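One-letter residues, chain by chain:
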Amino acid sequence: MSAISETETGAHADSPWAPIIFDALQQANVRQVSYVPDAGHARLIRMCSAAENMKSIVLTTEEEGIALCTGAWLGGERSALLMQSSGVGNCINMLSLLASCRVPFLTIVTMRGEFQEFNPWQVSMGRATPAALEIMGVTTIRIDRLEDLAPMMASAATMAFESDQPIAILLSQSMLGAKKWLK
Amino acid sequence: MAEVNRLHRRQAVADLLADRKDMLIVTGLGSPTYDVFAAGDHPGNFYLWGAMGGAALTGLGLALAQPERPVTVVTGDGEQLMGIGGLATIGVQRPNNLSIVVLDNGHYGETGGQMSHAGAGINLAEMARVCGFTECFEVTDEAGIARAREAIGTIGEGPRLIVIRIVHEETPRALPARDGVWLKARMREHLGFGPN
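In this report, the structure presented in the accompanying data block is examined. In this text, all values refer to a predicted model and were calculated from it rather than measured experimentally.

## Topic: the overall build of chain A
Alright, step 1. Check the secondary structure of chain A and you find 9 helices and 6 strands.
Alright, step 2. For a compact globule of 183 residues, the expected C-alpha radius of gyration is about 16 Å, and chain A comes in at 15 Å, within 12% of that figure.
Alright, step 3. With the C-alpha coordinates of chain A rotated into their principal frame, the extents come out at 45 × 35 × 30 Å.
Alright, step 4. Counting only residues that meet the buried cut, chain A has 50% of its 183 residues in that class.
Alright, step 5. Sequence-distant contacts in chain A: of pairs separated by 6 or more residues, those separated by 24 or more amount to 77%.

Given below as structure tokens:
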């Protein structure tokens, strides 16, 4: 497993967005971080897993993170979900839980299927990702430039946890850097 | 197989929850929601009316946030099957205060009584065991209910999954509040938190 993840993180070796997101999650007192791994999230997942005041929860499918977030909030803890754009499609029905119960929700989505995408199988869901979130009532905030990330993460956390809104931060593939096809 | 499904769901759930103390309960949509409500409404109950497949993971988030309290998920075989991967997720976290109770009649009771995978012989207790749950057993009689009641009321070694084999039958509807915002706020208030 480690060999694969090292290969996949090659394109995102320094991932400068990771500490920015991590700091925002800490600032917002997020205590449960769930994820389905993505190369673009690899550094952030490592940081969250190493943080003693965070529980990191690996999921088998992204919709689990919606339910987990709801349970965490019932119990007084804030939660965030890390996923790739392809995982958004797995969440559709479960997102109704957030609307039905008005549960704060913050997800950070790494985009695939756009800038320099080499894999045509990623394009369909990548293209549908913002609309899929929005039709289920989730506000999307797309980040194309790294300098926008810190203020937008802070804003997203406020919108989510103070205004009870479901918020998705979409990290564009052009900002992340396209995944390298390593042979 | 049919002969082990002797317990009646309403009585089984009422007996299971008779001594709940400070337990928190999440219910899976459909009959388990009605059964738990019929056993006695409580601010520590969170009833799902949708989000099929999400009961166990809602319970996990709650159990991780409230590690001192026993958390019990009461759901059906079909609901748990839809969220079957969640057993692996829970098995990795190993919360010692989370119990999943599956009311297993082997059928999708809300939708016309079609046979479920559990009804076809897929064993949910065994699936939980291989996912790292530390206590997994099936209940087919009143003595088993008593064992389950004692287990779910305590902090254990790790997560539990208990299958209660019940009769496939119609029961009178007992419908709790459907307003999810209210149910959420009620649970949070019960635990000492504001609505947001």
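The structure having been displayed, the exposition proceeds.
## A few points about the interface of chain A and chain B
Alright, step 1. With 28 residues of chain A at the contact, the number on the chain B side is 29 residues.
Alright, step 2. Going through the elements one at a time, β2 (55–58), α4 (63–74) and α6 (95–101) of chain A are the ones with two or more residues in the side of chain A that touches chain B.
Alright, step 3. Grouping the constituent residues of the side of chain A that touches chain B by class yields 13 nonpolar, 10 polar and 5 charged.

## Topic: the nonpolar core
Alright, step 1. If you look at the biggest cluster of nonpolar residues, it comprises 108 residues, and the most contacted ones within it are Leu82(A), Leu97(A), Val109(A), Ile169(A), Leu171(A), Val101(B) and Ile164(B).
Alright, step 2. Per-element accounting of this core gives the leading share, 8 residues, to helix α3 (residues 55–65) of chain B.
Alright, step 3. Not counting chain neighbours up to four residues away, the residues in contact with Leu171(A) comprise Trp17(A), Gly40(A), Ile108(A), Val109(A), Thr110(A), Met111(A), Ile143(A) and Leu176(A).

## Points about helix α1 (residues 9–16) of chain B
All names here are of chain B.
Alright, step 1. Along α1, the residues classified as buried are Arg9, Ala12, Val13 and Leu16. All buried residues of α1 fall inside an arc of 95° around its axis, so they share one side.
Alright, step 2. Check the buried side of α1 and you find it contacts α2 (31–38), β3 (71–76), β4 (98–104), α7 (142–152) and β8 (160–165).

## Things to note about the sheet that holds β8(B)
Residue and element names in this part refer to chain B.
Alright, step 1. In spatial order, the strands read β2-β1-β3-β4-β8-β7; together these 6 strands make up an open sheet with parallel pairing. The open sheet has two free edges, formed respectively by β2 (45–47) and β7 (135–139), since each of these has just one partner strand. Within this sheet the neighbouring strands show an average axis-to-axis angle of 15°, counted without direction.
Alright, step 2. Lying over the sheet, α7 contacts β3, β4, β7 and β8, oriented at roughly 155° with respect to β8.

## Digging into the pairing of β8(B)
Residue and element names in this part refer to chain B.
Alright, step 1. Here β8 lies mainly inside the structure; 6 of its 6 residues are buried.
Alright, step 2. The alternating pattern of β8 places Arg160, Ile162 and Ile164 and Leu161, Val163 and Arg165 on opposite faces, both of which are buried.
Alright, step 3. For β4 and β8, the ladder comprises 6 bridges, and the chain directions are parallel. If you follow Leu103 over to β8, its bridge partner there is Ile164.
Alright, step 4. Tracing the backbone out of β7, into α7 and back to the parallel element β8 gives a crossover that is right-handed.

Quick notes on the rules
Just so you know, the residues in each chain are numbered from 1, in the order the chain's sequence is written. In the order they appear in the text, chains get letters beginning with A and ligands get numbers beginning with 1. It should be noted that, the model being predicted, local features are given only for residues of pLDDT at least 70 and side-chain atom pairs only at 80 or more, the latter also being counted only at that level, while totals for whole chains, interfaces and linings use all residues. Labels follow the DSSP assignment, with helices taken as runs of H or I lasting at least four residues and strands as runs of E lasting at least two, numbered in each case from the N terminus. Each radius of gyration reported is based on C-alpha atoms, and the globular scaling rule is 2.2 Å times the count of residues to the power 0.38. Residues with at least 20 neighbouring C-beta atoms inside 10 Å of their own are called buried, those with 12 or fewer are called exposed, and the rest are partly exposed, where every C-beta is derived from the backbone. This entry defines residue contacts through backbone-placed C-beta atoms, with two residues in contact when those atoms are within 7 Å. Charged means Asp, Glu, Lys or Arg here, nonpolar means Ala, Val, Leu, Ile, Met, Phe, Trp, Tyr, Cys or Pro, and polar covers whatever is left, Gly included. Put simply, a nonpolar core is buried Ala, Val, Leu, Ile, Met, Phe, Trp, Tyr and Cys residues tied into one set by C-beta atoms within 7 Å. Working note: the arc is built from the helix axis to C-beta atom directions. A pair of strands is treated as paired once DSSP finds two or more bridges between them. Throughout, an axis means a line fitted to C-alpha atoms (over the contacting stretch in the case of helices), and angles, computed between N-to-C directions, take values from 0 to 180 degrees. By the criterion used throughout, a crossover qualifies as right-handed when its path from the first strand across the helix to the second strand runs clockwise, the strands pointing away from the viewer.

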